[in-house]
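Observations on the model geometry
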Amino acid sequence: MSAPTHLRPLPPGPSAPRARARAGTGAGTRLHWWALALPALAFGLLLLLLLAGSGEAHAATGEVSGLVQVAEQVLRAVG
């Protein structure tokens, strides 16, 4: 079944000076959910790296870094 193809006419718009004055207010600007979630996630991951102490060199001693320990704890808690 096909949808109707006729459209309703739009109501008359605001006058031109008002429309130009409102154009700079950002009334039509919206952010997507990921525009805030992705930077927050990246910040959280970088903070986790900083708190885990991944800057310490453990390669010569064979010790496990703090980041690996935190990741193992998270995986144990989730799984």
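Only a predicted model underlies this, so the values are computations on that prediction, with no experimental measurement involved.

About the criteria used
- The numbers attached to residues start from 1 for each chain and follow its sequence in the written order.
- Reporting of local features is limited, given that this is a predicted model, to residues whose pLDDT is at least 70; pairs of side-chain atoms are given and counted only at 80 or more, and all residues count toward the totals for whole chains, interfaces and linings.
- For side-chain calculations, the full set of non-hydrogen atoms in the structure is used, while hydrogens and water are omitted.
- The way it works is that DSSP assigns letters per residue, a run of H or I at least four long becomes a helix, a run of E at least two long becomes a strand, and they are numbered from the N terminus.
- Note on exposure labels: buried denotes an accessible area under 20% of the residue type's maximum, exposed denotes more than 50%, and partly exposed covers the range between, all computed with a 1.4 Å probe on protein chains only.
- For the area figures, the Shrake-Rupley method with a 1.4 Å probe applies, and any residue is considered shielded solely by the protein chains shown.
- A helix is expected to reach a length of 1.5 Å times the quantity of its residues less one.
- Without a salt bridge and with relative accessible area above 30%, a residue can belong to a patch; like charges are then joined within 9 Å and nonpolar side chains (Val, Leu, Ile, Met, Phe, Trp, Tyr) within 5 Å.
- Criterion for a salt bridge: a side-chain nitrogen of Lys or Arg within 4 Å of a carboxyl oxygen of Asp or Glu.
- Known as pLDDT, the predictor's confidence for each residue is given on a scale from 0 to 100.

For the protein, the count of helices and strands is 3 helices and 0 strands. Sequence-ordered secondary structure for the protein, helices as α and strands as β, is α-α-α. In the protein, buried positions account for 6% of the 79 residues. Of the accessible surface of the protein, which amounts to about 7,600 Å², a share of 66% is contributed by carbon and sulfur atoms.

Right, let's get into helix α2 (residues 34-51). A rise of 1.5 Å per residue sets the reference length of α2, with its 18 residues, at 26 Å; its end C-alpha atoms lie 25 Å apart and thus fit the reference within 8%. G53 lies just past α2 and shows a positive phi near 75 degrees.

Residue position: L51 is located in helix α2. Residues L51 and G66 lie 15 residues apart in sequence; the distance between their C-alpha atoms is 8.4 Å.

We now examine a nonpolar patch on the surface. Taken together, the side chains of W33, W34, L38, L41, L45 and L48 make up a nonpolar region of the molecular surface, amounting to roughly 690 Å² of accessible area. If you trace the backbone, W34 turns up in helix α2. For W34, a relative accessible area of 43% translates into the label partly exposed.

Attention shifts here to the confidence of the model for the protein. Averaged over all residues, the pLDDT of the protein is 74; the fraction at 70 or higher stands at 65%. At the level of individual helices and strands, the protein shows its lowest average pLDDT in helix α1 (residues 16-22), which scores 54, and its highest in α2, which scores 89.

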